[in-house]
Amino acid sequence: MENQPKVKNIDEMGFVDILLIINTFRKRIIVNILFVSIITAIISLIIPKTYTARSVLMPPSSSSETSISNMFSDSDLPFGGLVSRSEEESMRLIAILKSRTALESIIDKFNLIKYYKSKNIEEALESLQNYTSIEITDEGTIAIDVNVETGWFHLDDDEIYARNLSADIVNQYVIELDSINKILQMEQAAHQRKFLGERFSKNLDDLMAAEDKLKTYKKNHGIISIDDQKKSAIESASAIKNQIMINEVQIEVVSSKLQSDHPDAISMQDELDELKNKLHEIQYGNNFESDIDNNLFLILSDVPDMEAELRNLNREVEVYNTLFIYLTQQYEDAKIQEAKNTPTIQLLDAAQAPINKSSPKRFLMLVIMILITFIVTVTYSLSVYNRDN
């Protein structure tokens, strides 16, 4: 028999006493550890292996295209600075990746209902979601990880298939993302083109109406060039006024020499009256509508109102014309966006079939089981020693 240590109460034992007890039961401990290690090694060889493939996408860059949705910068909005446009676009891409449309397409392509041994599409969707991880890394890129497990008691061919399947699913995620995103962008461009087309037609009608209104106003008031016509009217009125003053002086001189019914006096008075009528016509008009269209001189009393109205009409035409130019550019851009078929994402790293498995960690399993076995065996040995003594 093995030498037993001196009997002591277990509560009175120190570290050295416990070591002596462990030494006493060392064979049992070693046998148990060897047995558990062998079982653990065998289990680690037959349990399913997991292979993980990864693909990395570049963060979406800020679009340089001008559209109705980005007419205003982030700083113009009350909470625009809280979430950057790049982060918002990244979240949108992740939503597409997690969408049922993308997941069902992947499940159908690789027949994952059969591979996951699911009863229906709902269970397959849940399994694919559980084996998929999509996140935004610290660098701002989008990482897509997919885990694929082998079965129990698998062969080498099963491992090769799991490696390739994990990479294929990740790459299919990228394909589905680009396809769905492209469709969504084309639909958005189509709606935008339709909206801009309707707005463009309305603006064109408004512009033509404003131009016709301006032309009619100028025609009705005999306006060709208001600045030149105003200058000519002022100069003519000044000349007539000067002539009236001269004629009045001449009449006063003639009146002192001739009778008022003298032909020369009458002629000079008629000329003065005609000049005054002409001056009044330039200043206030002659109240004959038929003469307005043929009158090159503007009515001076109406000039301030004309200028104000012309400014309003010209401003209206200018506003519609500016909007017309902008909408024309936007409409053409929308047609280009609707028609183009270029990739919508930037792939930084395509998924490759992983060489090493991601789980199980055999060495870690073995170490953990050895520690557990040691602790359990020592505890049991101390219990046995305490019971027997």
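Please refer to the structure placed before this passage.
Below or above, wherever it landed, is the structure these notes cover. From a predicted model like this one, the values you see are computed outputs, not experimental measurements. Within each chain, residue numbers correspond to sequence positions counted from 1 in written order. Per-residue local features of the predicted model are confined to residues with pLDDT of at least 70, and side-chain atom pairs are confined, for both listing and counting, to 80 or more; whole-chain, interface and lining totals are unaffected and use all residues. Note: side-chain values were computed over all heavy atoms of the structure, leaving out hydrogens and water.

For our purposes a nonpolar core is just a set of buried Ala, Val, Leu, Ile, Met, Phe, Trp, Tyr and Cys residues, chained together by side-chain atoms within 4.5 Å. Whether a residue is buried, partly exposed or exposed follows from its accessible area with a 1.4 Å probe, protein chains only, as a fraction of its type maximum: under 20%, in between, or over 50%, in that order. The biggest cluster of nonpolar side chains holds 33 residues, and the ones touching the most others in it are Leu112, Leu128, Ile144, Ile169 and Tyr173. Looking at this core, the elements with two or more residues in it are strand S1 (50-57), helix H3 (85-97), helix H4 (100-110), helix H6 (121-130), strand S3 (142-149) and helix H7 (156-220). Counting residues per element, this core draws most heavily on H7, at nine residues. Counting nine residues, the second largest nonpolar core, distinct from the first, contains Leu207, Tyr217, Ile223 and Leu310. The way it works is that DSSP assigns letters per residue, a run of H or I at least four long becomes a helix, a run of E at least two long becomes a strand, and they are numbered from the N terminus.

In this section: the pattern of salt bridges. When a carboxyl oxygen of Asp or Glu lies within 4 Å of a side-chain nitrogen of Lys or Arg, that pair is called a salt bridge. Tallied over the full model, the rule gives nine salt bridges. Taking the shortest distance from any N to any O, the salt bridge between Asp145 and Arg54 comes out at 2.7 Å. Linking Asp145 in strand S3 with Arg54 in strand S1, this pair joins segments that are 91 residues apart in sequence. Look at Asp145 and you get buried, because its relative accessible area is 12%. Notably, a salt bridge pairs Glu159 with Arg163, separated by 3.8 Å at the nearest N-O pair. One end of the pair, Glu159, and the other, Arg163, are both in helix H7, four residues apart, so they sit about a helical turn from each other. Overall, the relative accessible area of 12% leaves Glu159 in the buried class. It is possible to trace a salt-bridge network through shared partners that takes in Lys49, Glu159 and Arg163.

Here we take up helix H2 (residues 26-46). Expected helix span is taken as 1.5 Å per residue step, with the number of steps being one fewer than the number of residues. With 21 residues, H2 should reach 30 Å at 1.5 Å per residue; the first-to-last C-alpha distance of 30 Å fits that figure. Within the span of H2, buried status applies to Ile29, Ile33, Val36, Ser37, Thr40 and Ser44. One side of H2 holds all its buried residues, which, seen down the axis, span an arc of 110°. Residues Lys27, Val31, Leu34, Phe35 and Ile38 are exposed on H2 and point more than 90 degrees away from its buried face. Arc definition: directions from the helix axis to the C-beta atoms.

This part is about unusual backbone geometry. In this structure, Asn111 takes a positive phi of about 50° despite not being glycine. In this fold, Asn111 is placed in the loop between H4 and helix H5 (112-115). Using a relative accessible area of 43% as the deciding quantity, one classes Asn111 as partly exposed. Phi at Lys117 takes a positive value of approximately 55°, unusual for a residue other than glycine. Along the chain, Lys117 turns up in the loop between H5 and H6.

This part is about the pairing of strand S2 (residues 132-136). Inspection of the sheet shows S2 paired to S3 by five bridges, in the antiparallel sense. Residue Ser133 lies in a different strand from S3, and its bridge partner there is Asp145. Two strands pair if DSSP finds at least two bridges between them. Here S2 folds back onto S3 in antiparallel fashion, the turn holding five residues, of which Gly140 has a positive phi close to 95°.

Time to look at the packing of H4 against H7. Here an angle of 0 to 180 degrees is reported between the N-to-C directions of two axes, which are lines fitted to C-alpha atoms, with helices fitted over the stretch in contact. Running from N to C, H4 and H7 point in directions that differ by 135°, and their axes come no closer than 10 Å. In terms of orientation, H4 lies oblique with respect to H7. Crossing handedness for the pair H4 and H7: right-handed. Across from Thr101, Ala102, Leu103, Ser105, Ile106, Lys109 and Phe110 in H4, the residues of H7 making contact are Leu165, Asp168, Ile169, Gln172, Tyr173, Glu176 and Ile180. Of the residues contributing to the contact of H4 with H7, the split by class is eight nonpolar, three polar and three charged. For this classification, under 35 degrees means roughly parallel, over 145 means roughly antiparallel, 65 to 115 means roughly perpendicular, and everything else is oblique. Handedness of each helix crossing follows the sense of rotation of the near helix against the far helix: counterclockwise by less than a right angle gives left-handed, clockwise gives right-handed. It only takes one pair of heavy atoms within 4.5 Å for two residues to be counted as in contact. Note that Gly is not counted as nonpolar here; it falls among the polar residues with everything else outside the nonpolar set of Ala, Val, Leu, Ile, Met, Phe, Trp, Tyr, Cys and Pro and the charged set of Asp, Glu, Lys and Arg.

A word on the sheet that holds strand S4 (residues 347-349). Sheet strands pair by backbone hydrogen bonding; their relative direction is either parallel or antiparallel. What the four strands build is an open sheet, ordered S2-S3-S1-S4; its pairing is antiparallel. Two strands lie at the open edges of the sheet, namely S2 and S4, each paired on one side alone. Taken over all neighbouring pairs, the strand axes of this sheet differ in orientation by 25° on average, direction set aside. Relative to S4, S1 is paired through two bridges, and the arrangement is antiparallel. When the sheet's bridge partners are listed, Val56 is paired in S4 with Asp349.

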